[in-house]
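Descriptive analysis of the structure
So you can see what is in the structure, the chains are spelled out below.
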Amino acid sequence: MLIKRASELTYADITPRGLYMGRRNFLLGLLAAGGAAAAWKKLPRLVSAAGTGSVPVKLNGVITGLKGPYTTDEKATSYNDATHYNNFYEFGTDKSDPAANATNFKASPWTVSVEGEVAKPRKFTMDEIMKLAPLEERIYRHRCVEAWSIVVPWIGYSFSALAKLAEPTSQARYVAFESYYDRRQMPWGAGSGIDLPYVEGLRLDEAMHPLTLLCVGMYGETLPNQDGAPVRMVIPWKYGFKSIKSIVKIRFVKKEPPTTWNIANAREYGFYSNVNPTVDHPRWSQAKERRLGEFLKRPTLMFNGYGEQVASLYAGMDLRKNY
Amino acid sequence: MNRILTSKWAKLAVFLACLAPLANLLWRAAHGDLTANPIEFITHRTGDWTLRFVVLTLAITPLRKIPHAGQLIRFRRMLGLFAFFYGCLHFGTWIGLDKFFDWAEMWKDVQKRRFITVGFTGFVLLIPLAITSTAGWIRRLGGRRWQWLHRAIYLTAIAGVIHYYWLVKSDVRKPRQYACLVGVLLAWRLGAWLVARRQHRSGRSAGRQEPATADTA
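Read on for an overview of the structure. Values in this document were obtained by computation on a predicted structure and should not be read as measured data.

**Some thoughts on the overall build of chain A**
- The secondary structure content of chain A amounts to nine helices and 12 strands.
- Once local pairs closer than 6 in sequence are excluded, the contacts in chain A between residues at least 24 apart make up 71%.

Below, the structure is given as structure tokens:
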């Protein structure tokens, strides 16, 4: 076997070998094939991608330069800020915890089960997900319910591409998502104060909206563990907690599914949780937000600035009641 | 131990130690190490230290009952003033950095957001205590009245804990720790008061009039 330079590797090159051969054999294979000094330098990266925690790897063939609502021309938040200041309660409740505690998270091998009200329930391997549709770079605004925001160049494709393969039946009205949860790998989750595994949900039309992204990377690379490796959702017009991370299960259902923050505190976190500057969180105002890297707060936009694309989904609904 | 506590360097050492959290913040600021959200970081740090100094101040009275530790009382005023100092920084961060002197919005927050209302109350209660912390004011008010006034710090401690508790989203472990500490410190005072009252009564029934020894402020 030939060792490729990491820059030439795609996710597809890495995952299955570790998966098929087992980590030990994979390592032996690598050692046997090793020779070029350059390959030695890349070894830790390959090893970690194969099992003991994953490090982001460059993604090739991503469609960049999209125009229109799929990408904003606002300045992207620095990689360091976006990856070292976030919430992922399975790895701790401080903003700096996920980056510190998720280092050894094992995001490979990985499968996502698509089930429920679908004609073709099936399990997708991560490799299949990477190839299911062309990967696009989408630069989205991302607004946390805690009134801070970032701009992130995500990589992925519209969730509808995956959903269509499963062929949702006419019974399917909602989509329920579930995160991976493993007390051994995520011992911090137990004290987080929320029920785990993390669950989220969307109405079917929200899920099938072209802005709704099935996300496998950011900043040109695969997702770092702390940002939801290896696959997550990004719904840019909703508060960040709706964009569930490290997904293992996607279930099409008839009724509105339970969602984690709504279970934790229904008065504060509704099922819809659309970004809305006119409906305050009971404990703080949502009128403004602090964009990381900026000093003064900026006004928060209705639907996080995606109103033109998504407002029609909520026509006739009282968004004060359906917060 | 009292000899160490009364040495002329002790006060200076404690004073400098109390400044360490501020020094750490300034150091981090100078090195661009205030996280991705510096204003939030400064707000949380100064808030943490306000609460810690309130707890330390409240801990002095019980701790000085330990044999040879009576002289700890020398530091109580300083610790209390540092609680006020970090409270000012915390409040000032909110005014100047977080709200950027938007008085109307701040007043709305104080009325509408109960965690801000209770935090604000706790802070305001510290102001008269800081002002009357001098020997001159103790004289002017008289020891007993001064002591009564300074029991307001009990309310500040409770308000501070509630402020923290209402602020967090779901992980209440840290506010709960502070609640335990404040709870123990206040319970100790209640216990000391009950004991003193009983002694006072039995003393009276035996015909002896002992002076009250309730220095439990």
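**A closer look at the overall build of chain B**
- Across its full length, chain B carries 10 helices and zero strands.
- In sequence order, the secondary structure elements of chain B are arranged as α-α-α-α-α-α-α-α-α-α.
- Along the first, second and third principal axes, the C-alpha atoms of chain B reach 65 × 40 × 35 Å.
- A buried classification covers 25% of the 217 residues belonging to chain B.
- Sequence-distant contacts in chain B: of pairs separated by 6 or more residues, those separated by 24 or more amount to 65%.

**Quick word on the pairing of strand E2 (residues 122–125) of chain A**
All names here are of chain A.
- Sheet topology places strand E1 (residues 111–116) next to E2; four bridges connect them, and they run antiparallel. Bridge pairing in E2 links Thr111 to Thr125.
- Linkage of E1 to E2, two consecutive antiparallel strands, is achieved through a turn of five residues.

**Regarding the interface of chain B and chain A**
- With 11 residues of chain B in contact, the opposing surface of chain A contributes 16 residues.
- Among the residues making up the side of chain B that touches chain A, the classes are represented as five nonpolar, three polar and three charged.

**Quick notes on the sheet that holds E1 of chain A**
Residues and elements named next belong to chain A.
- As summarised here, the arrangement of the five strands in space is E2-E1-E10-E5-E6, forming an open sheet in which the pairing is mixed. Strand pairing shows two members of the sheet lacking a second neighbour, E2 and strand E6 (199–203), which therefore form its edges. Here the average twist between neighbouring strands, direction ignored, is 20 degrees.
- Note that strand E5 (residues 174–179) and strand E10 (residues 247–253) share six bridges and pair antiparallel. Bridge pairing links Phe177 to Ile250 in E10.

**A word on unusual backbone geometry**
Residue and element names in this part refer to chain A.
- In this structure, Pro109 follows Ser108 across a cis peptide bond, with omega equal to 0 degrees.
- Within the fold, Pro109 resides in the loop between helix H4 (97–101) and E1.
- Along the chain, Ala229 connects to Pro230 via a cis peptide bond; the corresponding omega equals -5 degrees.
- Along the chain, the position of Pro230 falls in the loop between strand E8 (221–222) and strand E9 (232–234).
- Of note in this structure, Ser273 is not a glycine but carries a positive phi near 50 degrees.

**A short note on the nonpolar core**
- In this structure, Trp154, Val175, Phe177, Leu214, Cys215, Val231 and Met233 of chain A are the most contacted members of the largest nonpolar core, which totals 68 residues.
- Tallying contributions element by element places strand E4 (residues 148–158) of chain A first for this core, with six residues.
- Residue contacts for Val175 of chain A: discarding those within four places in its chain leaves Gly201, Leu202, Leu204, Ala207, Ile250 and Phe252 of chain A.
- Val54, Leu58, Tyr178 and Leu185 of chain B belong to the second largest nonpolar core, which has 30 residues in total.

**Focus on the pairing of E1 of chain A**
All names here are of chain A.
- Across the two faces of E1 the burial differs, with Val112, Val114 and Gly116 buried and Thr111, Ser113 and Glu115 not buried at all.
- Inspection of the sheet shows E1 paired to E10 by four bridges, in the parallel sense. Directly across from Glu115, in E10, lies its bridge partner Arg251.

**Digging into the packing of helix H6 (residues 114–131) of chain B against helix H9 (residues 152–167) of chain B**
Residues and elements named next belong to chain B.
- H9 packs onto H6 with a crossing angle of 155 degrees between their chain directions and a minimal axis gap of 8 Å. Taken as axis vectors, H6 and H9 run roughly antiparallel relative to one another. Between H6 and H9 lies a crossing whose hand is left-handed. Along the contact surface, H6 presents Arg114, Phe115, Val118, Gly119, Thr121, Gly122, Leu125, Leu126 and Leu129, while H9 presents Ala152, Ile153, Leu155, Thr156, Ala159, Gly160, Ile162, His163, Trp166 and Leu167.
- Looking at the contact of H6 with H9, its residues break down into 12 nonpolar, six polar and one charged.

**Overview of helix H6 (residues 159–166) of chain A**
Residue and element names in this part refer to chain A.
- The set of residues buried in H6 consists of Phe159, Leu162, Ala163 and Ala166. The buried residues of H6 occupy an angular sector of 100 degrees when the element is viewed end-on, so they sit on one face.
- Structurally, H6 contributes buried residues whose contacts are with E1, E2, E4, helix H7 (204–207), strand E7 (213–218) and E9.

**Looking at the packing of helix H3 (residues 38–63) of chain B against H9 of chain B**
Residues and elements named next belong to chain B.
- Their axes nearest at 10 Å, the elements H3 and H9 cross at an angle of 145 degrees. Regarding H3 and H9, the two cross each other, and that crossing is left-handed. Along the contact surface, H3 presents Thr50, Leu51, Val54, Thr57 and Leu58, while H9 presents Ile153, Thr156, Ala157, Gly160 and Tyr164.
- Classifying every residue of the contact of H3 with H9 gives six nonpolar, four polar and no charged.

**Looking at the environment of Leu301 of chain A**
Residue and element names in this part refer to chain A.
- Residue position: Leu301 is located in the loop between strand E12 (298–299) and helix H9 (307–310).
- You can call Leu301 partly exposed: it has 17 C-beta atoms within 10 Å.
- The spatial distance from the C-alpha of Leu301 to the C-alpha of Tyr323 is 15 Å, given a sequence separation of 22 residues.

**Some points on the environment of Ala133 of chain A**
Residues and elements named next belong to chain A.
- Within the element layout of this structure, Ala133 appears in the loop between helix H5 (126–131) and strand E3 (136–143).
- Overall, the presence of 16 C-beta atoms within 10 Å leaves Ala133 in the partly exposed class.
- Between the C-alpha atoms of Ala133 and Gly305, which are 172 residues apart in sequence, the distance is 26 Å.
- Not counting residues up to four positions away in its chain, the partners in contact with Ala133 are Tyr157 and Ala161.

**Description of the environment of Met1 of chain B**
All names here are of chain B.
- Inspection of the secondary structure assignment puts Met1 in the segment before helix H1 (2–6).
- Once the C-alpha coordinates of Met1 and Pro67 are considered, the two residues, 66 residues apart in sequence, prove to be 8.9 Å apart.
- Beyond its immediate sequence surroundings of up to four residues, Met1 is in contact with His68 and Ala69.

Reading guide: rules and limits
Residues numbered from 1 in each chain as written. Chains lettered and ligands numbered in written order. Predicted model: local features only at pLDDT ≥ 70, side-chain atom pairs only at ≥ 80, totals over all residues. Helix = DSSP H or I, 4+ residues; strand = E, 2+ residues; numbered from the N terminus. Contact = placed C-beta atoms within 7 Å. Buried ≥ 20, exposed ≤ 12 C-beta atoms within 10 Å, placed from the backbone. Pairing = 2+ DSSP bridges. Nonpolar A, V, L, I, M, F, W, Y, C, P; charged D, E, K, R; others polar. Axes fitted to C-alpha atoms, helices over the stretch in contact; angles between N-to-C directions. Core = buried A, V, L, I, M, F, W, Y, C linked by C-beta atoms within 7 Å. Parallel < 35°, antiparallel > 145°, perpendicular 65-115°, else oblique. Left-handed = near helix turned anticlockwise from the far one by under 90°. Arc of directions from axis to C-beta.

The quantities given are spatial measurements derived from coordinates; they are silent on function.
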